[in-house]
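If you want the building blocks of each chain, they are given just below.
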Amino acid sequence: MENEKSPSFHGQSRRDFVKQSSLLAGGLLAAPIIAEASQANYFSGAPGVIKVALIGCGGRGTGAAVQALSTKQNVQLVAMADAFKDRLDGSFNEIVDSMKATPERVKVAEADKYVGFDGYKEAIAKADVVILTTPPGFRPIHFEEAIRQGKHVFMEKPVATDPAGIAKVLETAEKAKAKKLNVVVGLQRRYQTSYLELYKRVKDGIIGDITSMQVYWNQGALWVKPRKPEYTEMEYQMRNWYYFNWLCGDHIVEQHIHNIDVGNWFKGEIPVTAMGMGGRAIRTGKEFGEIYDHHYVEYRYADGVVMNAQCRHWKDAVSRVDEEIIGTKGRVICDKGRILDSKGKTIYQFDRKQENRPYQAEHDELFAAVAAGQYKFEDAKRGAETTLTAIIGRLATYSGQTIAFEKALASGLNLQPAKYAFDAPPPILPDADGNYAYAKPGITKYFS
Amino acid sequence: MRKKTVAILLAGIVTSGAYAQNNEPFTAYEQKVPGSDVPIKMVPVKGGEFLLGSPAKEKGRNADEGPQKKVKIDPFWMGAYEVTFDQYDVYSDAEKDKTPLPDGMTRPSPPYIDLTLGMGKGGGFPANSMSQYAALMYCRWLYGKTGVFYRLPTEAEWEYACRAGSTTAFPFGDDASKLGEYAWTQENSEEVYHKVGEKKPNAWGLYDMMGNVGEWTLDQYDEKGYEKAAAENPWNQPTVKTPRTIKGGTYLEPATAARCAARLKSDESWNNRDPQIPRSKWWNADAPFIGFRIIRPVKQPTKAEAEKFFADVIDKFVGAR
């Protein structure tokens, strides 16, 4: 009954749609009506079943798939794609193991497991909702294909690693909007109860006007996968994707984006310029590819307000992953869920017991919308803008120059290889000693 | 069937087997963490009898702290302090370990986020946020490196050591207003853990038993566990990965949670923030308030018994939290 009350999609309630789908399944209507419709491909299979394809089967992709399958809707995983067979098989086993209570939700036939660079197209075709969780360098082409095929999307942040990728995502975001396809981007703080409560109060003026922001992702070291003799250079970089910019975007893009996004969100706009510094102070070995181990960026918004963004991967140095939003009447300390007045007295404290599980909430909300035939989520544009915010931070620390957001977007700067194949050369190659060239501030140039 | 296994295991661990070192005096000593210059200070805890749990009238008491039961505990050495990062990282950080790993062991994987959360790491801060599996793996590593059998305390051993002969809510009495001299709790911690040993020890020379980081024990958490507790060296041997029992309260909790008898049960939600699958076996992304300390039973198990113990408590419950 609730369905009849829920907002209709193109004037069609879910109940009507399900009815129509059953008719379709019974062969009473011609199938192409759905296939050609410039709208969401709801329930392509049995009525009420939402089919999911997982593109990118690492730890996060596996987690996202299980979260999708753990929503209240009747969700089935029907296809998987990954560049590596071992990653795909491992992920499949983990998903089966995690879904023991509802095994009917995992319906991936051997033929629906796609290994290699190109399988994503066929995997996407099998689904109603697509989960995009490969290294971020692939996101623009995968997102483009998913929207081309008329699918709803959950995609992890960041959504690209270079301005050319951002341009493609922004273009695709418009198409998704035109097709009314839901797109959720895994910037999960936007789906987290504590952040939503803080945001609400800041909008209500509890800290007055925002005067500056401090955002942090300072943590220790990450994983490295040792090189094996059988690896081509492309395979080595794909397995160690974190350390190569065409795949990862550097840790300022891959991780610090979360905190930068909170700044953009609370400020309600995106910065116009970035200036900063960074380098490789501690993590200097060749196994760490070309990325920096620290960045400090001053982002400036149109009204002159500054967001100071710092991130580092320094083992044993003090850590902090947090955001502080400072206003004329007080400040917000996001990680603590706390708002202070200008004298430092707590005026609001979020009750930790009320915290949700934001990673699950993203999927709960997305799949509820899809099941109800609602168009609710257009995260792609803001996901692209926040990703580009992080990217101009990297361009600023790498070049030692001030980088303008619009200029970067217009630059078309593209880090991607000419060809995606294991025997193709990646865009950066090691020297004879196995070292990768990395950016040198004041020397490295992107655009003037 | 289960009871029998428990009996055999505990016999192996606590009451039989040979001494690892002959004629070692039962006094405080420093165990050097192999591959480093870092010592772990161990203090003797004589065997004896005590009342496990709290009396019904104790202020702040929870239902799971009773009925009180008289139990006998065999002697052991206990870490004077919670295990610190200086000590734990010799295991978890290959760059800090100057000697190879014991056969078949792996090091903890890097955590998803830096779990110290800015509260401090080197120089004596307690190791925190580890799963019980990670705490037990440290014991196994230390055993592999030293030949001396170390393990987590049972819940009963922990409480016996915390009480240090007292029968009151806290080892120094019932007056919670004095707790600040001994412990970092919600009242004085400013929501961060502190370096170990900054407060007064209890009568047996044990620091930070109350407050600071909560401490893993070897027991499956069971609300009614004390009814079934054995008269000698009780141990509720784990049958599932979660929940396990934590003792001592934490820097985020009030004084009542730092009473000797207070119990805390671990929870899956302590790793909510880990968005990956498989989830980390080693770390709890949302439990910065958990740590551990080690004990060394005076009656050391044989090598076979120790290996069986680790197989039973670790290998059967990989990733227990």
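Higher on the page you've got the structure.
Quick summary incoming for the structure in this document. Since the model is a prediction, treat every value here as computed from it, not as a measurement. (Residues numbered from 1 in each chain as written. Chains lettered and ligands numbered in written order. Predicted model: local features only at pLDDT ≥ 70, side-chain atom pairs only at ≥ 80, totals over all residues. Heavy atoms only, no water.)

### With respect to the overall build of chain A
Put simply, the rule reads: A run of H or I in DSSP counts as a helix once it spans at least four residues, and a run of E counts as a strand once it spans at least two, with each numbered from the N terminus. Here's how the labels work: a residue is buried when its accessible area is under 20% of the maximum for its type, exposed when over 50%, partly exposed in between, all with a 1.4 Å probe on protein chains only. Note on contacts: a residue pair qualifies if any of its non-hydrogen atoms lie within 4.5 Å across the two residues. Note that accessible areas follow from Shrake-Rupley with a 1.4 Å probe, and for residues the cover is restricted to the protein chains shown.
For chain A, the count of helices and strands is 15 helices and 15 strands. Burial analysis of chain A (448 residues in total) assigns 57% to the buried set. Taking as baseline every contact in chain A between residues at least 6 positions apart, the subset at least 24 positions apart corresponds to 73%. As displayed, chain A has an accessible area near 18200 Å², and 53% of this comes from carbon and sulfur atoms.

### Overview of the nonpolar core
The condition that has to hold: The criterion is simple. A nonpolar core is a set of buried Ala, Val, Leu, Ile, Met, Phe, Trp, Tyr and Cys residues joined through side-chain atoms within 4.5 Å.
One finds A:Met155, B:Tyr88, B:Tyr138 and B:Phe292 to be the most contacted residues of the largest nonpolar core, which totals 122 residues. With 10 residues, the single largest contributor to this core is helix α3 (residues 132-146) of chain B. If near-sequence neighbours (up to four positions away) are discounted, B:Tyr88 is found in contact with B:Val83, B:Pro108, B:Ala127, B:Ala134, B:Ala135, B:Tyr138, B:Trp282, B:Trp283 and B:Phe292. With 31 residues, the next largest nonpolar core counts A:Val66, A:Ala68, A:Val75 and A:Val129 among its residues.

### Side note on the interface of chain B and chain A
We count it as follows: Put simply, buried area is how much 1.4 Å-probe accessible surface two parts lose in total, over both of them, once they are put together. Just to be clear on terms, a salt bridge is a Lys or Arg side-chain nitrogen sitting within 4 Å of an Asp or Glu carboxyl oxygen.
On the chain A side, the residues contacting the 21 residues of chain B number 26 residues. Both faces considered, chain B and chain A share a buried interface measuring about 1800 Å² in area, 44% of it formed by carbon and sulfur atoms. Interface area lost by chain B to chain A is led by B:Asp114, B:Pro275 and B:Ile277, which between them contribute 32%. Our count for the chain B to chain A interface comes out at five salt bridges. Here B:Lys96 makes a salt bridge to A:Asp316, at a shortest N to O gap of 2.3 Å.

### Details of the environment of B:Pro75
All names here are of chain B. Its place among the elements puts Pro 75 in the loop between β4 (69-73) and β5 (76-79). Sequence separation between Pro 75 and Arg 151 is 76 residues, and the spatial gap between their C-alpha atoms is 14 Å. What Pro 75 contacts, discounting residues up to four positions off in sequence, is Phe 26, Val 45, Lys 46, Gly 47, Pro 297 and Val 298.

### Digging into the packing of aromatic side chains
All names here are of chain A. This is how the line gets drawn: Only centres within 6.5 Å qualify two rings of Phe, Tyr or Trp (six-membered ring in Trp) as a pair; their planes then separate them into stacked at under 30 degrees, edge-to-face at over 60, and tilted for everything else.
For the structure shown, the criterion picks out 47 aromatic pairs over all chains. Relative to Trp 246, the ring of Phe 138 has its centre 6.3 Å away and its plane inclined at 70°; by these criteria the two rings are edge-to-face. Placement of Phe 138 in the loop between β4 (129-132) and α7 (139-148) and of Trp 246 in the loop between α10 (233-239) and α11 (251-254) is noted, with a sequence separation of 108 residues between them. The exposure class of Trp 246 is buried, given its relative accessible area of 2%.

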